[in-house]
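# Working through the structure, step by step
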Amino acid sequence: MSGYTGTQGGDLRSVSTVDLGVATTRSSWLLTGLCLVCVATALCLRPERYLLLSIKYFGTFLGLLPVLLVVGLGLTALVYGGPRPTRFMVHILKERGPAAARVVLLFFLGIIAFTTFRITIPEIVPYYADPMLADLDRWLHGVDPWVWTHGIVSEPASMLVFKAYMSWWFMQWLGVVLFVAFWNSPARRIRYLWAFALTMMLCGTVLPIMLSSSGPIFYDRFYGGSRFAGVLAALMADPYALPVRFAASYLLDAHDSGSSALGSGITAMPSMHVAIVTLNAFFLTGFGRRWAVAGWSFAALILFGSVYTGWHYAVDGYLSILVVSLLWYLTGRFVLRASGQQASDVAQQTSDTGLAAPNPAPR
């Protein structure tokens, strides 16, 4: 918020800040409760699986999180910290550290629940939807979309696709979550966290159960035949596709053995990769045109890569985009509006008195 002039304006600003804080706190506690219900559901569904994954993920987080934290805060301090970047970092940790820690803890518990559900999905609903999804893909595009993607991109340009899909996506995913965890914009922060949590629940659990599917790369393995032998042959012939081949073997081995491995679980519809980058593209659009172009360009690349790598049918990504777009709209209309409406009302009162008004909460 921008500043006020005059004593009355300062009083109104204080009221606005308090009201905004109360609204976002209520919304935050409601979101926390919803996340904990999902965690409890996963724990009750497969307690031994959840606990085993907790141990494995804890080691990964313990090694990865400090590095991301130092790098992220360090870059922020260099840009905004002026002549004392170290002091700036310490200030951020003191001011935003406790709130950020809660976000990271819920993210940690949620990822374990997400993986538990993913591994368990074929045990609840065996794969059945792939023939329908593959037929829909061919009907919409006139040909299996992977054929088109491989027709316009080949090596060495394919390296960009594999890097983006198998590496850069994770960096953006974790980077945005950490940024939001430390972000000092209560209404917009809680809006993103609501959208993120609902995306993980709907696109990561509910819809994959309803449309249980394995994806083109595993189609022949689970359904027999050679319908997608072509995409497998293309991946085998491309030296840059080694990470995809390794990940596919890793997931298939975990599935066949029933082990609770990190990041395991085979599901295709809808695409979580596309869902997350679409959400982040909406989020980045709020920071200006350049960020919007970067966010949506990366989202388009990941949508293309989801088909190119054989992980997904094109319709997997289309549904993800549709669902996330709806969630972003609803969280803007209800979550962001509920968190920012009282502050906007006070801003209008201030404007009526001729005093400087704060910037309205972005919608």
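Each chain carries its own residue numbering, running from 1 in the direction its sequence is written. With the structure being a predicted model, the display of local features is reserved for residues of pLDDT at least 70 and the display and counting of side-chain atom pairs for 80 or more, all residues being used for whole-chain, interface and lining totals. Heavy atoms throughout the structure, all of them, feed into the side-chain values; hydrogens and water do not.

## Some words on the environment of Trp 311
Numbering of helices and strands runs from the N terminus, with a helix taken as a DSSP run of H or I at least four residues long and a strand as a DSSP run of E at least two residues long. Looking at where Trp 311 falls in the secondary structure, it is placed in the loop between helix 12 (289-308) and helix 13 (314-352). Per-residue accessibility, obtained with a 1.4 Å probe over protein chains only, is compared with the maximum for each type, and a residue is labelled buried under 20%, exposed over 50%, and partly exposed between these values. For Trp 311, a relative accessible area of 9% puts it in the buried group. Trp 311 sits 92 residues away from Tyr 219 along the chain, and the two C-alpha atoms are 10.0 Å apart.

## Concerning the nonpolar core
Grouping buried Ala, Val, Leu, Ile, Met, Phe, Trp, Tyr and Cys residues that are joined through side-chain atoms within 4.5 Å yields what is termed a nonpolar core. By size, the foremost hydrophobic cluster in this structure holds 89 residues, and its most contacted members are Trp 173, Tyr 192, Phe 196 and Trp 311. Sorting elements by how many residues they give to this core places helix 6 (residues 158-182) first, with 13 residues. Apart from the residues lying within four places of it in its own chain, the contact partners of Tyr 192 are Val 176, Val 180, Leu 279, Asn 280, Phe 283 and Trp 328. Contact criterion: two residues are considered in contact whenever any of their non-hydrogen atoms come within 4.5 Å of each other.

## Quick notes on the environment of Leu 301
Mapped onto the fold, Leu 301 is located in helix 12. By relative accessible area, which is 22% here, Leu 301 ends up partly exposed. The spatial distance from the C-alpha of Leu 301 to the C-alpha of Tyr 165 is 8.2 Å, given a sequence separation of 136 residues. Setting aside anything within four residues of it in sequence, one finds Leu 301 in contact with Val 161 and Ala 164.

## Focus on the packing of aromatic side chains
Pairs were defined over the aromatic rings of Phe, Tyr and Trp, the Trp ring being its six-membered one, requiring ring centres within 6.5 Å. Orientation was assigned from the angle between planes: stacked under 30 degrees, edge-to-face over 60, tilted for the rest. As enumerated under the stated definition, the model contains 26 aromatic pairs in all. An aromatic cluster is present here, built from Phe 61, Phe 107, Phe 108, Trp 169, Phe 170, Trp 173, Phe 179, Trp 183, Tyr 192, Phe 196, Phe 283 and Phe 287 joined pairwise through their rings. Remark: a charge is flagged as sitting over a ring if the NZ atom of Lys or the CZ atom of Arg is within 6 Å of the ring centre and within 35 degrees of the ring normal. Over the ring of Trp 328 we find Arg 191, and its NZ or CZ is 3.6 Å from the ring centre. Sitting above the plane of the Phe 334 ring, Arg 333 keeps its charged end 6.0 Å from the centroid.

## Overview of the pattern of salt bridges
What makes a salt bridge here is a side-chain nitrogen of Lys or Arg within 4 Å of a carboxyl oxygen of Asp or Glu, nothing more. Scanning all chains against the criterion turns up 5 salt bridges. Its salt-bridge partner being Asp 256, residue Arg 221 comes within 2.8 Å of it at the nearest N-O pair. A residue pair is termed long-range when its members are at least 10 positions apart, and Arg 221 in helix 8 (residues 216-223) and Asp 256 in helix 10 (residues 242-257) qualify at 35 residues. The class for Arg 221 is partly exposed, based on a relative accessible area of 43%. Residue Asp 256 is classed as partly exposed on the basis of its relative accessible area, which comes to 43%.

## Details of the packing of helix 2 (residues 47-80) against helix 6
It is the contact of helix 2 with helix 6, at a shortest axis distance of 11 Å, that shows an interaxial angle of 65°. Taken as axis vectors, helix 2 and helix 6 run roughly perpendicular relative to one another. When you trace helix 2 past helix 6, the crossing you get is right-handed. Together, Leu 64, Leu 65, Leu 68 and Leu 69 of helix 2 and Leu 174, Leu 178 and Phe 182 of helix 6 make up the contact between the two elements. Considered class by class, the residues forming the contact of helix 2 with helix 6 number 7 nonpolar, no polar and no charged. Each axis is a line fitted through C-alpha atoms, taken for helices only over the stretch in contact, and angles between the N-to-C directions span 0 to 180 degrees. Working definition: roughly parallel below 35 degrees, roughly antiparallel above 145 degrees, roughly perpendicular at 65 to 115 degrees, and oblique for all remaining angles. In this scheme, a crossing is called left-handed if the near helix is turned counterclockwise away from the far one by less than a right angle; it is called right-handed if the turn is clockwise. Asp, Glu, Lys and Arg are counted as charged, while Ala, Val, Leu, Ile, Met, Phe, Trp, Tyr, Cys and Pro are counted as nonpolar; the rest, among them Gly, fall into the polar class.

## Here's the deal with a nonpolar patch on the surface
Residues enter patches when they are more than 30% accessible in relative terms and free of salt bridges; like-charged ones are connected within 9 Å and nonpolar ones (Val, Leu, Ile, Met, Phe, Trp, Tyr) within 5 Å. Reported accessibility uses the Shrake-Rupley method at a 1.4 Å probe radius. Residues are deemed covered only where the shown protein chains occlude them. A contiguous nonpolar patch, built from Val 67, Val 71, Leu 75, Leu 78, Val 79 and Tyr 80 and spanning about 670 Å² of accessible area, is present on the exposed surface. Position of Val 67 among the secondary structure elements: in helix 2.

## With respect to helix 7 (residues 186-210)
Multiply 1.5 Å by the residue count of a helix minus one, and that product is the helix's expected span. With 25 residues, helix 7 extends 34 Å from end C-alpha to end C-alpha; this agrees with the ideal 36 Å at 1.5 Å per step. To obtain the bend at a residue, axes are fitted to the seven residues ending there and to the seven starting there, and the angle between these axes is taken. At Leu 202, helix 7 is deflected by roughly 30°, the largest bend along its length. Helix 7 sits mainly inside the fold: 18 of its 25 residues count as buried.

## Considerations on the confidence of the model for the chain
Per residue, pLDDT measures the predictor's confidence, with a range of 0 to 100. Averaged over all residues, the pLDDT of the chain equals 85, while 86% of them reach at least 70. Low confidence marks residues 1-21, where pLDDT is under 50. Its contacts with residues over four positions away, or in another chain, come to 35 contacts. In this model residues 342-363 is a low-confidence stretch, pLDDT under 50, and it forms 39 contacts with partners more than four residues away in sequence or in other chains.

## Examining unusual backbone geometry
What you tend to see is this: most non-glycine residues have negative phi, and most peptide bonds are trans. For the bond running from Glu 155 to Pro 156, omega is 5°, close enough to zero to count as cis. Relative to the elements of secondary structure, Pro 156 occurs in the loop between helix 5 (145-152) and helix 6. Cis peptide bonds are those with omega within 30 degrees of zero, and the linkage from Met 269 to Pro 270 qualifies with -10°. Position of Pro 270 relative to the elements: it lies in the loop between helix 10 and helix 11 (272-285).

## Some points on the side chain of Arg 96
With respect to the helices and strands, the residue Arg 96 is situated in helix 3 (residues 85-124). Buried and without a salt bridge, Arg 96 has Glu 95 as its closest oppositely charged side chain, separated by 7.6 Å. Those residues in contact with Arg 96, other than ones at most four positions away along the chain, are Ala 181, Phe 182, Trp 183, Asn 184 and Arg 189. Lys and Arg are tallied as positive, Asp and Glu as negative. Neither His nor the chain termini are counted.

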